[in-house]
Amino acid sequence: MGTIGVGNREMSDRIEEPQGARGRIRNAQDFWGGVVLIGLALIAFYASWDLPGMRGFSFGPGTTPRLFAGLLMLLGVVIAAIGLTTDGPAMPRFAIRGPLLVTSAILLFALMIRPLGLVVSSFLMFMFAASGSSETRWIETTLAAIALTAFCTILFVYLLGLPFQLWPRFTIGGTTIAF
Amino acid sequence: MFDLINNLALGFSVAFSAQNLFFCLVGALVGTLVGVLPGVGTVATIAMLLPITFGLPPVGALIMLAGIYYGAQYGGSTTSILVNIPGEATSVVTTLDGFQMAKQGRAGKALAMAAIGSFIAGCFATILVAALGAPLTSVALLFGPTEYFSLMVLGLIFAVVLAKGSVVKALAMIAFGLLLAVVGSDLETGAGRMTFDLPELADGIGFANVAMGVFGFAEIIRNLEGSSEDRQLVQGKITGLMPTWDDLKSCFGAIARGTGIGSLLGILPGGGAVIASFAAYTFEKKMSKDPSQFGRGAIQGVAAPESANNAAAQTSFIPLLTLGIPPNAVMALMVGAMTIHGIVPGPQVMTKQPDLFWGMIASMWLGNLMLVVINLPLVGIWVQLLRVPYRLMYPSILVFCCIGIYSINNSPWDVVMAGVFGLVGYWLIKHDFEPAPMLLGFVLGPLMEENLRRAMLISRGSAAVFFTRPISAVLLAISALLLIVAVLPMIRKRREEVFVEES
């Protein structure tokens, strides 16, 4: 009876995972999640290796990082082990476009804000982020970008009184040109 | 009793200053504006709006945060009722009857009852917070570093046990959060820890960067994955915002019971508000003379869970304000905000800064009132927001978040950091790790380390002190018990699975 049971389970596994390539790891989501946590703990161990540890009764700067990294490592191992011994979801599929679009829009803003100021940066970032969508309508997008830029400027600069540089500023040959 | 009234009077005098009223109003409006966006829940809203409070004086900032909190919650329930998309776990139950009511053309009633129920619950819970604040604080003042450390362990374990999903994964998230909190200069020696020699990391990882990345950006990335959304927005004008006397009468019991359940469960760390709303709904269904109405637009099915989650949200301030321990992600955000203003949450806040402590409690009530009086009539505007297509919404959120993050320190590096944590958050969501325990660990990390170090120093390096001091031992014993109780069903389930396979 036992062998038949196991056979059934393996068959149902295959039905759930049509690729079959990862069929050996029964709960890939947890297994790889645990593995990455172990990796993070190892990085933490590496980064805190040269910090002094316990000095007599008192903790050194390196004690707590290694303590927490050890805890993370332990839990990562447990999660990976659970991933190997239980049935669960397959490896999740990661999208490329969304993360890439969001990350590059954020980077763009970080690069623009100092030289170009709040107004231009907000507007350009909005246009860039919106252009990533498959159904961009340019007039609508431009209007929305203008509206949002105005809203943010009023909220942050006038209502909340935060010190923002609003317009571009360039330094050419020692003279600063501010708008 | 006199103390209580005096204290509340002090609080209201702070909260009712023209400036603070204005902050509360701006907070409530902006909170609703962001909270109403589908898929943006309470935590995400507060995380996104956190930076706009940083430029204000501490009391004003916390009052504005209270407004944002209420606005976000109200915005969330609006989305649940009108679009059937719960922004947060706490409003999942509200969608059951709320959306049905909206489909029957009773959206106005559902929204009004949600706000009124919340308000009544809020009034009661405010008094409860004020009454319990003083005695609990005096208990907390007796705690030494050993007890404090054990208390934090208990708080974290509680949060893990009551949260949804795997206990082990939630624990791992706490460990990850603790580890992130360690990055930066060591408090005692000044040695750079895990900074990879980057000067930007010397001050540690900014709280707002982590919160915004994991809750804000990660959500956007995930939402972008979805196919072009088909939202079932309830069309038509929303009328009948003024509930009739009959509605109020039929809901009074539901609101009272919801408030009671919520107030009790809210004090517990973890998913207090979530459990409270579910418990109140189930309880109400059991109490009802006609349970078959539930799920088909029963007004009590909206009133009870909304009262419960609001009462719970309010009483969850008790552990934060008295013990300095945030019981959930929203409170963790509050701790972050307080820390940025140089306030260390805990029992000393009440004695050293009574105006801040009581002002905040009073402003919670005020935020609630503002919601009913000003925000509710504006529902038409908020509904228009639901019609904004996502292709315009996500760029707006992105730009808003970036400006907010940049405004904290005028540092582009912060913006990049938040982006990195957005990717981290996306990975966590994909692997079914809850980001909330990570944030709790991150917020409690420095406090835990400090108390652990002090306790160990006092005990001359012996970890046994945590088990020999009675209060600490009891706290740790409860933690251990909770963990065992939480893990047991998991093991039993697995054994059952095995059993099923073998039979």
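If you're wondering where the values come from, they're calculated on a predicted model, not measured in any experiment.

## Points about the overall build of chain B
Of regular secondary structure, chain B possesses 22 helices and two strands. A globule of 503 residues ought to have a C-alpha radius of gyration of about 23 Å, and chain B, at 22 Å, matches this closely. Within chain B, counting contacts between residues at least 6 apart in sequence, those at least 24 apart form 81% of the total.

## Some points on the packing of helix α6 (residues 107–141) of chain B against helix α16 (residues 354–375) of chain B
All names here are of chain B. Look at α6 against α16: their axes get within 9 Å of each other, and the N-to-C directions meet at 170°. By the criterion of interaxial angle, the relationship of α6 to α16 is roughly antiparallel. From α6, A115, I116, S118, F119, G122, C123, T126, V129 and A130 reach across to α16, where they touch I361, M364, W365, N368, L369, L371 and V372. For the contact of α6 with α16, the residue count by class is 12 nonpolar, four polar and no charged.

## Observations regarding the environment of B:V474
Summarising the element assignment, B:V474 is placed in helix α22 (residues 470–502). Considering only alpha carbons, one finds B:V474 and B:M360, 114 residues apart in sequence, at a separation of 32 Å.

## Quick look at the interface of chain B and chain A
Listed as interface residues are 55 residues of chain B and, on the opposing side, 60 residues of chain A. At 12 residues, helix α18 (residues 390–409) of chain B tops the list of elements feeding residues into the side of chain B that touches chain A.

## Some thoughts on the nonpolar core
Ranked by internal contacts, the top residues of the largest apolar core, which has 227 residues, are A:L72, B:A211, B:L398, B:C402 and B:L439. No other element matches the 17 residues that α6(B) contributes to this core. Residues within four places of A:L72 in sequence aside, it is in contact with A:L37, A:L40, A:A41, B:A172, B:A175, B:F176 and B:L179.

## Here's the deal with the packing of helix α2 (residues 18–35) of chain B against α16(B)
Residues and elements named next belong to chain B. The interhelical angle for the contact between α2 and α16, taken along N-to-C directions, is 60°, at an axis separation of 10 Å. One element, α2, and the other, α16, form an angle in the oblique class. The chirality of how α2 crosses α16 is right-handed. Seen from α2, the contacting residues are N20, C24, L25, A28 and T32; seen from α16, they are S363, L366, G367, M370, L371, I374 and N375. Looking at the contact of α2 with α16 residue by residue, the classes come out as seven nonpolar, five polar and no charged.

## Points about the confidence of the model for chain B
All names here are of chain B. Of the residues in chain B, 90% have a pLDDT of 70 or more, and the chain-wide mean is 80. Between the elements of chain B, mean pLDDT differs from a low of 73, seen in α22, to a high of 91, seen in helix α19 (residues 412–430). Note on the complex model: pTM 0.78, ipTM 0.80.

## Topic: helix α10 (residues 245–267) of chain B
What sets the pattern is the α-helix's 3.6 residues per turn: residues three or four places apart point alike. Residue and element names in this part refer to chain B. If you check α10, its first and last C-alpha atoms are 32 Å apart, about what 23 residues at 1.5 Å a residue would give, namely 33 Å. Most pronounced at C251, the bend in α10 amounts to some 40°. Where α10 is concerned, the buried positions are C251, A254, I255, R257, G258, T259, I261, G262, S263, L265, G266 and I267.

## Examining α16(B)
Here α16(B) is 22 residues long and its end C-alpha atoms lie 29 Å apart, about the 32 Å a rise of 1.5 Å per residue gives. Across the 22 residues that make up α16(B), a large majority, 16, are buried.

## So, the environment of A:P163
Its location among the elements puts A:P163 in the loop between α5 (138–159) and β1 (169–172). On a C-alpha basis, the gap between A:P163 and A:A129 in space is 25 Å, while along the polypeptide they are 34 residues apart.

## Points about unusual backbone geometry
Residue and element names in this part refer to chain B. Notably, N410 is not glycine yet its phi reads approximately 50°, a positive angle. You can see N410 is positioned in the loop between α18 and α19. For D432, which is not a glycine, the phi torsion comes out positive at approximately 60°. Tracing the backbone through its elements, the reader meets D432 in the loop between α19 and α20 (435–458).

## Brief notes about the confidence of the model for chain A
Residues and elements named next belong to chain A. The predicted model of chain A has a mean per-residue pLDDT of 78, with 79% of residues at 70 or higher. Of all the helices and strands in chain A, helix α1 (residues 2–16) carries the lowest mean pLDDT, 39, while helix α3 (residues 63–85) carries the highest, 90. Low pLDDT (under 50) marks residues 1–22, which in the prediction has 14 contacts with non-local residues, meaning those over four places away or in another chain.

Cut-off values and rules
Residues numbered from 1 in each chain as written. Chains lettered and ligands numbered in written order. Predicted model: local features only at pLDDT ≥ 70, side-chain atom pairs only at ≥ 80, totals over all residues. Helix = DSSP H or I, 4+ residues; strand = E, 2+ residues; numbered from the N terminus. Rg over C-alpha atoms; globule rule 2.2 N^0.38 Å. Contact = placed C-beta atoms within 7 Å. Axes fitted to C-alpha atoms, helices over the stretch in contact; angles between N-to-C directions. Parallel < 35°, antiparallel > 145°, perpendicular 65-115°, else oblique. Nonpolar A, V, L, I, M, F, W, Y, C, P; charged D, E, K, R; others polar. Core = buried A, V, L, I, M, F, W, Y, C linked by C-beta atoms within 7 Å. Buried ≥ 20, exposed ≤ 12 C-beta atoms within 10 Å, placed from the backbone. Left-handed = near helix turned anticlockwise from the far one by under 90°. pLDDT = per-residue confidence, 0-100. Expected span 1.5 Å × (residues − 1). Bend = angle between axes of the 7 residues up to and from the residue.

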